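Descriptive analysis of the structure
Given next are the chains, with one letter for each unit.
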Amino acid sequence: MSRRRSAPWIHRWSRQLIGAIAITGALLTAYLTVVKLTGGAAACVAGEAAAGATNCNNVLSSPYATVFGLPLALFGFLAYASMATFALAPLALQSDQKKALRSQLEDWTWLLLFAGAIAMTIFSAYLMYILAFELEASCPYCIGSALFSLSMLTLTILGRSWEDIGQIFFIGVVVGMVTLIGTLGVYANVGEPTATSEVASGEIPIASGQPQPAIGGWEVTTTSGEAEIALARHLTKIGAKKYGAYWCPHCYEQKQLFGKEASSEINDLECAPNGKNAQPQACSAAEVNSYPTWEINGKLIPGVQTLEELANLSGYQGPRDFKYYLPGN
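Structure report, in brief. (Residues numbered from 1 in each chain as written. Predicted model: local features only at pLDDT ≥ 70, side-chain atom pairs only at ≥ 80, totals over all residues. Heavy atoms only, no water.)

**Some points on the overall build of the protein**
Test applied: The helix count covers DSSP runs of H or I at least four residues long, the strand count covers runs of E at least two residues long, and both are numbered beginning at the N terminus. Contacts between residues were defined by any pair of non-hydrogen atoms, one from each residue, lying within 4.5 Å. Each accessible area is a Shrake-Rupley estimate made with a 1.4 Å probe; only the visible protein chains count as cover when residues are assessed.
When helices and strands are counted, the protein shows 11 helices and eight strands. When contacts within the protein are restricted to residue pairs at least 6 apart in sequence, long-range pairs at least 24 apart make up 75% of them. In the form shown here, the protein has an accessible surface area of approximately 17,100 Å², with 60% of it arising from carbon and sulfur atoms.

**Considering the sheet that holds strand β6 (residues 268-270)**
By definition, the strands of a sheet pair up through backbone hydrogen bonds, in either a parallel or an antiparallel sense. What counts here: Two strands qualify as a pair provided DSSP detects at least 2 bridges between them. In this analysis, axes come from line fits to C-alpha atoms, helices being fitted only over the stretch in contact, and the angle between any two N-to-C directions falls in the range 0 to 180 degrees.
Read from one edge to the other, the open sheet built from four strands follows the order β6-β5-β7-β8, with strand pairing classed as mixed. The open sheet has two free edges, formed respectively by β6 and β8 (299-302), since each of these has just one partner strand. Along the sheet, successive strands turn relative to each other by an average axial angle of 25°, direction set aside. Inspection of the sheet shows strand β5 (residues 241-244) paired to strand β7 (residues 293-296) by three bridges, in the antiparallel sense.

**Some points on the packing of aromatic side chains**
This is how the line gets drawn: Only centres within 6.5 Å qualify two rings of Phe, Tyr or Trp (six-membered ring in Trp) as a pair; their planes then separate them into stacked at under 30 degrees, edge-to-face at over 60, and tilted for everything else. Whether a residue is buried, partly exposed or exposed follows from its accessible area with a 1.4 Å probe, protein chains only, as a fraction of its type maximum: under 20%, in between, or over 50%, in that order. Placement of a charge over a ring requires the Lys NZ or Arg CZ to be within 6 Å of the ring centre, with the centre-to-atom vector within 35 degrees of the ring normal.
By the definition in use, this model includes nine aromatic pairs. Centre to centre, the rings of Y31 and Y141 are 6.3 Å apart; their planes meet at 45°, and the pair counts as tilted. Taken as a pair, Y31 in helix α1 (residues 9-38) and Y141 in helix α5 (residues 140-158) lie far apart in primary sequence, 110 residues in all. Ring geometry for Y80 and F148: centres 6.4 Å apart, planes at 85°, overall edge-to-face. Here Y80 is found in helix α3 (residues 72-88), whereas its partner F148 is found in helix α5, with 68 residues between them in sequence. For F148, a relative accessible area of 22% corresponds to the partly exposed category. Here a set of aromatic residues connected by ring pairs shows up, and it is made of Y64, Y126 and Y187. Over the ring of W162 we find R160, and its NZ or CZ is 4.9 Å from the ring centre.

**Notes on the pattern of salt bridges**
Note that side chains of opposite charge can pair when their charged atoms are close. In plain terms, the rule: Whenever a carboxyl oxygen of Asp or Glu lies within 4 Å of a side-chain nitrogen of Lys or Arg, that contact is scored as a salt bridge.
Scanning all chains against the criterion turns up six salt bridges. Of the charged contacts in the structure, one is a salt bridge between R233 and E265, with a shortest N-O distance of 3.4 Å. Taken together, the residues span a long stretch of sequence, with R233 in helix α7 (residues 226-237) and E265 in the loop between α9 (260-263) and β6 at a distance of 32 residues. Exposure remark for E265: the relative accessible area of 28% places this residue in the partly exposed category. One salt bridge connects K242 with D268, and the closest N-O pair in it is separated by 3.1 Å. On the criterion of sequence distance, the pair formed by K242 in strand β5 and D268 in strand β6 is long-range, its members being 26 residues apart.

**Topic: the packing of α1 against helix α4 (residues 99-134)**
Just so we agree on the cut-off: Angles below 35 degrees are treated as roughly parallel, those above 145 as roughly antiparallel, those between 65 and 115 as roughly perpendicular, and all remaining angles as oblique. If you view the pair so one helix is near and one far, a crossing is left-handed when the near helix is turned anticlockwise from the far one by less than a right angle, and right-handed when it is turned clockwise. Ten residues, namely Ala, Val, Leu, Ile, Met, Phe, Trp, Tyr, Cys and Pro, are considered nonpolar, four, namely Asp, Glu, Lys and Arg, are considered charged, and the remaining ones, Gly among them, are considered polar.
Viewed as axis vectors pointing N to C, α1 and α4 meet at an angle of 50°, and their least axial separation amounts to 13 Å. Our classification of the angle between α1 and α4 gives oblique. Here α1 and α4 pass one another in a crossing that is left-handed. Only E106, T109, W110 and L113 of α4 make contact with α1, whose side of the interface consists of S14, R15 and I18. Considering only residue class, the contact of α1 with α4 consists of three nonpolar, two polar and two charged.

**Brief notes about helix α6 (residues 165-186)**
To be explicit about the condition: Expected span, for any helix, means 1.5 Å times one less than how many residues it has. Directions pointing from the helix axis toward each C-beta atom define the arc.
Helix length check: α6, at 22 residues, gives a terminal C-alpha distance of 31 Å against a target of 32 Å (1.5 Å per residue), a fit within 8%. Residues I168, I171, G172, V175, G176, T179 and T183 constitute the buried set of α6. For α6, the angular spread of the buried residues around the axis is 125°, confining them to a single face. Exposed side chains of α6 directed beyond 90 degrees from the buried face belong to F169, F170, V178 and I181. The inward-facing, buried residues of α6 contact α4.

**Focus: the environment of E219**
Relative to the helices and strands, E219 resides in the loop between β4 (203-208) and α7. Residue E219 is classed as exposed on the basis of its relative accessible area, which comes to 57%. Sequence separation between E219 and K255 is 36 residues; the distance between their C-alpha atoms is 9.4 Å. For E219, the contacting residues outside a window of four places in its chain are Y252 and K260.

**Topic: the nonpolar core**
Burial of nonpolar side chains together is a common tendency in soluble globular proteins. Note the following rule: Residue types Ala, Val, Leu, Ile, Met, Phe, Trp, Tyr and Cys, when buried and joined through side-chain atoms within 4.5 Å, form a set referred to as a nonpolar core.
Core analysis: the biggest nonpolar cluster contains 33 residues, and Y141, W247 and Y291 have the highest contact counts within it. Elements with a contribution of two residues or more to this core: α1, α2 (56-60), α3 and α4. Here the element with the most residues in this core is α4; it accounts for four residues. Counting 22 residues, the second-largest nonpolar core is a separate cluster that includes Y80, M83, W162 and V175.

Structural measurements only, silent on function.
Okay, here's the thing in structure tokens:
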């Protein structure tokens, strides 16, 4: 009597493993989405800034971290949640009466898992390229997500016996090309900022979509009044510093509040290693965790500050008829 050959362990547990990875990725991206939407700071690896690497919060606030005006992490959450559903849904059908339905569902979800894993891996590979060569930064969250995507792809390929290898290869090529073309299309305007202006109402013009600027950053388009110039000179006189990066959209917003003339008076430190007159060591020594960050009277104040807030924090006593304000304020 012949003994029935048992399935390899990876075939028995591949769906559970893919589901576990996808759930972990969904939790990670959900956390990053909440952080982005609430304007908070993500927990980064201890000693990251001291090692001279661009802090992960700065990567997460870069122009590449927003797609169609929404956090990139939100789309990552949806992708991981879908992968978890595809992986675990067939396991809920256990009875013999549902055996045929489960078999059909497994076939369809394997194809969806394969296509999803290919798309996520291609997109993650592009982001790794941006991380290494454009931002020249380190981001454990981004690297972890890329490893999750690659792991799911590996488990999807090895997790079952594929009958038609040619079909799988064709699907992989098509999905990979579509993903790559779509990704390049999403970031096609990087380096070509556009601006919307409401100067007459006092609302500062902000780059729309915030694509990647040239090394020197976006050009400040607002003009400074007497109050803005006086505040900027006061901040420099008391030794205040602003830490930022040329690609940081919030740093641009801060400059727009001051205007072109006053911005040139500020002690502005460039933290991006490939930026103009970069001083990454000074930023690391100050333990700056996000851009922009002000240092006033020895205290670090992260985030975009209104000129009224900066005046109060620095003890400024001059004119306060500031011309611009943040949208919504």
